[in-house]
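Remarks on the overall topology
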Amino acid sequence: MADKKVTLTLDGEAPVELDVLQGTLGQDVVDVRSLGSQGLFTFDPGFTSTASCESKITYIDGDEGILLHRGYPIDQLATHSNYLEVCYILLNGEAPTPEQFEEFRITVTRHTMIHEQITRLFHGFRRDSHPMAVMCGVTGALAAFYHDSMDVNIERHREIAAFRLLSKMPTMAAMCYKYSIGQPFVYPRNDLSYAGNFLHMMFATPCEEYKVNPVLERAMDRILILHADHEQNASTSTVRTAGSSGANPFACIAAGIASLWGPAHGGANEACLRMLEEISHKEHIPEFVRRAKDKNDSFRLMGFGHRVYKNYDPRATVMRDTCHEVLNELGMKDDLLEVAMELEHIALNDPYFIERKLYPNVDFYSGIILKAMGIPSSMFTVIFAMARTVGWIAHWKEMHDEGMKIARPRQLYTGYAQREFESQLQK
Ligand code: CMC
């Protein structure tokens, strides 16, 4: 029994008492599950006030700008951990011992190759396809290759699928890039780190040796950590919804990739870099800020604002520092970084952005780092998808481990009432 209750009183009817649930952290949650059987639904388009599930993986305090994975703050993970350790933590709930980590690392590393026939699948796509379109298709197609372990009711099958996805995502992501530029695919290398192997598959060619720059490897690892999970965002909720019907894990992750692609979500990093390029010079900033504030103009400052954060996105702070590190290492002075910093300064001092609590989010600086590394903007969201795969899998596994109901929201129907059908075609 919950200690707190909410009483709902409907005109002329007996009051309904609802339990108020309390998590470890965060807002109280009114348990409305009994309302449906009483002939009432709640209405919350966009889920602005709805907890869609119970979860132990990630916690966000949007007012304070706090992000915790299994209780560990994101800045500590970004500074003192590595992506694969964060993956272990997200999937298993605890930080690994050295032995546990080594076993995990070896398992991920030894399954990075994809079925050779999948390479032929790539050739069915146009060379100028957006890499996210290819990622969506190829990830979904994995179900056609790995159907030996797709019984979602068997825990071991779920585990095997999790490793397969985590291991093969960088290989497929790099293949999307290589295919788009007409270069041969580069096979994974088991002696490299997760991030180092990805950079190698992106940039190595058969003609000359490619040595992974340790600063860029660390920066890529950090980008992966910062994108690893973010509780019940659009793509994660999509994965949970797809998975709730018992769909196979590859189909669920492909659904997550599709949802991530949108410019309001993962597609924002690509859109943000395009916006900075369009602004191109500090003197053009006021015009773009004016447009962002104009209700009659659909333009928004990309990389700004967040449904949950009403404070600086803690991931953006780490991303900004990493951006400086990478540009210093490469000896580059990027005019876009100057534009970004000035835009941030102007927006953070503008009453429109202050009143609406709009701050830079994770996507604001990531594009500048990726561009400096030589990665084209069309690959930005693919890298986000690669990093977020572990979060999607962690939520998908949690949902299965704890038992689930098929996701089936109801609606407020505002269409026609019943009416007689009379065909117009026979007249
Ligand atoms: N530029 C200008 N105005 C904005 C922006 C923006 N980027 N974001 C929100 N607003 C305004 C919006 O017009 C509204 O104003 P008003 O109250 O006068 O109508 C108010 O702020 C609240 O906006 P909202 O659209 O109701 O907020 P939301 O929670 O539904 O949307 C968001 C959140 C992230 C979709 C939105 O802030 C946005 O479109 N940002 C730009 C895209 C972006 O950077 N997305 C990446 C999010 S972080 C990475 C990820 O998790 O995927």
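Residues numbered from 1 in each chain as written. Predicted model: local features only at pLDDT ≥ 70, side-chain atom pairs only at ≥ 80, totals over all residues. Heavy atoms only, no water.

Attention now moves to the site of the ligand. Around the ligand, the surrounding shell holds 21 residues, and the nearest of these are His 265, Leu 301, Gly 303, Phe 304 and Arg 307. At a separation of 3.2 Å, an oxygen atom of the ligand approaches a polar side-chain atom of Lys 295. The separation between a nitrogen atom of the ligand and a polar main-chain atom of Leu 301 is 2.7 Å. Relative to its free-state accessible area of 950 Å², the ligand is covered by the protein chains to the extent of 76%. Along the lines of polarity and charge, the residues of the shell around the ligand split into 10 nonpolar, six polar and five charged. (Near = heavy atom within 4 Å. Polar contact = N/O pair within 3.5 Å; in protein donor to acceptor, adjacent residues only side chain to side chain. Areas by Shrake-Rupley, 256 points an atom, 1.4 Å probe, with all protein chains shown as cover. Nonpolar A, V, L, I, M, F, W, Y, C, P; charged D, E, K, R; others polar.)

Reading across from one edge, β1-β2-β3 is the order of the three strands in this open sheet, with antiparallel pairing throughout. Looking at which strands have only one partner, the edges of the open sheet turn out to be β1 (4-8) and β3 (29-30). Two strands pair when backbone bridges link them, and β1 and strand β2 (residues 16-21) are joined in this way by five bridges, in the antiparallel orientation. Each residue of the ladder has a partner; that of Lys 4, found in β2, is Val 20. (Pairing = 2+ DSSP bridges. Helix = DSSP H or I, 4+ residues; strand = E, 2+ residues; numbered from the N terminus.)

When its domains are assigned, the protein resolves into domain 1 (5-35 + 46-66), domain 2 (71-231 + 379-402) and domain 3 (267-373). Contacts between the two partners involve nine residues from domain 1 and, on the opposite side, seven residues from domain 3. When domain 1 packs against domain 3, the two sides together hide about 580 Å² of surface, and 55% of this comes from carbon and sulfur. Sorting the residues of domain 1 by area buried against domain 3 places Ile 60, Gly 62 and Gly 65 first, and these three jointly supply 59% of that buried surface. (Domains from an automatic or database assignment. Contact = heavy atoms within 4.5 Å. Buried area = accessible area lost by both parts, 1.4 Å probe.)

This part is about the packing of aromatic side chains. Across all of its chains, the model carries 13 aromatic pairs by this definition. Note on Phe 288 and Phe 299: the rings are 5.6 Å apart at their centroids and 70° apart in plane angle, and the pair reads as edge-to-face. Of the two residues, Phe 288 is situated in helix α12 (residues 285-293) and Phe 299 in the loop between α12 and α13 (314-330); the sequence distance between them amounts to 11 residues. Taken as a pair, Phe 288 and Phe 299 share a single burial class, namely buried. Plain terms: the ring middles of Phe 364 and Tyr 365 are 5.1 Å apart, the flat faces sit at 85° to each other, and that makes the pair edge-to-face. Residue classification places Phe 364 among the buried positions, given a relative accessible area of 1%. An aromatic cluster of three or more residues is present, and its members are Phe 304, Tyr 352, Phe 353, Phe 364 and Tyr 365. A cation over an aromatic ring shows up here: Arg 419 above the ring of Tyr 416, its NZ or CZ 3.3 Å from the ring centre. (Phe/Tyr/Trp six-rings, centres within 6.5 Å; stacked < 30°, edge-to-face > 60°. Buried < 20%, exposed > 50% of the residue type's maximum accessible area, 1.4 Å probe, protein only. Lys NZ or Arg CZ within 6 Å of the ring centre and 35° of its normal.)

A separate point is the packing of helix α11 (residues 268-279) against helix α17 (residues 380-402). One can describe the packing of α11 onto α17 by two numbers: an axis separation of 7 Å at closest approach and a directional angle of 150°. Taken together, the axis directions place α11 and α17 in an arrangement best described as roughly antiparallel. Where α11 crosses over α17, the two elements pack in a sense that is right-handed. Within the contact between the two elements, α11 uses Asn 269, Glu 270 and Leu 273 and α17 uses Phe 380, Thr 381 and Phe 384. (Axes fitted to C-alpha atoms, helices over the stretch in contact; angles between N-to-C directions. Parallel < 35°, antiparallel > 145°, perpendicular 65-115°, else oblique. Left-handed = near helix turned anticlockwise from the far one by under 90°.)

Let us look at unusual backbone geometry. Positive phi values are uncommon outside glycine, yet Phe 47 reaches one of about 50°. As for its placement among the helices and strands, Phe 47 is situated in the loop between β3 and β4 (58-61). Exposure remark for Phe 47: the relative accessible area of 52% places this residue in the exposed category. With phi around 55°, Lys 357 is a residue other than glycine that occupies positive phi space. Among the secondary structure elements, Lys 357 is positioned in the loop between α15 (351-355) and α16 (363-372).

Mapped onto the secondary structure, Gly 246 falls in the loop between α9 (234-243) and α10 (249-260). Among residues more than four places away in sequence, those in contact with Gly 246 are Val 152 and Met 404.

Another aspect to go through is the side chain of Glu 270. Relative to the assigned elements, Glu 270 resides in helix α11. Apart from the residues lying within four places of it in its own chain, the contact partners of Glu 270 are His 130, Ser 377, Ser 378, Phe 380 and Thr 381.

What follows is about the pattern of salt bridges. With the rule as written, the count across this model stands at 20 salt bridges. Lys 5 is paired through a salt bridge with Asp 19; the nearest N and O atoms lie 2.5 Å apart. One end of the pair, Lys 5, is in strand β1; the other, Asp 19, is in strand β2, with 14 residues separating them in the sequence. Lys 5 gets classed as partly exposed once you look at its relative accessible area, which sits at 32%. By relative accessible area, Asp 19 is classed as partly exposed at 24%. (Salt bridge = Lys/Arg side-chain N within 4 Å of Asp/Glu carboxyl O.)

By the definition in use, this model includes zero disulfides. Cysteine Cys 87 shares no disulfide, and the gap to the nearest cysteine sulfur, in Cys 252, comes to 19 Å. Residue Cys 252 stays outside any disulfide, its sulfur separated by 13 Å from that of Cys 136, the closest cysteine. (Disulfide = S-S within 2.5 Å.)

Spatial strand order, β4-β5-β6: three strands in an open sheet with antiparallel pairing. What marks the edges here is a single partner per strand, and that holds for β4 and β6 (72-73). Here β4 pairs with strand β5 (residues 66-69) via four bridges, running antiparallel. Each residue of the ladder has a partner; that of Tyr 59, found in β5, is Leu 68.

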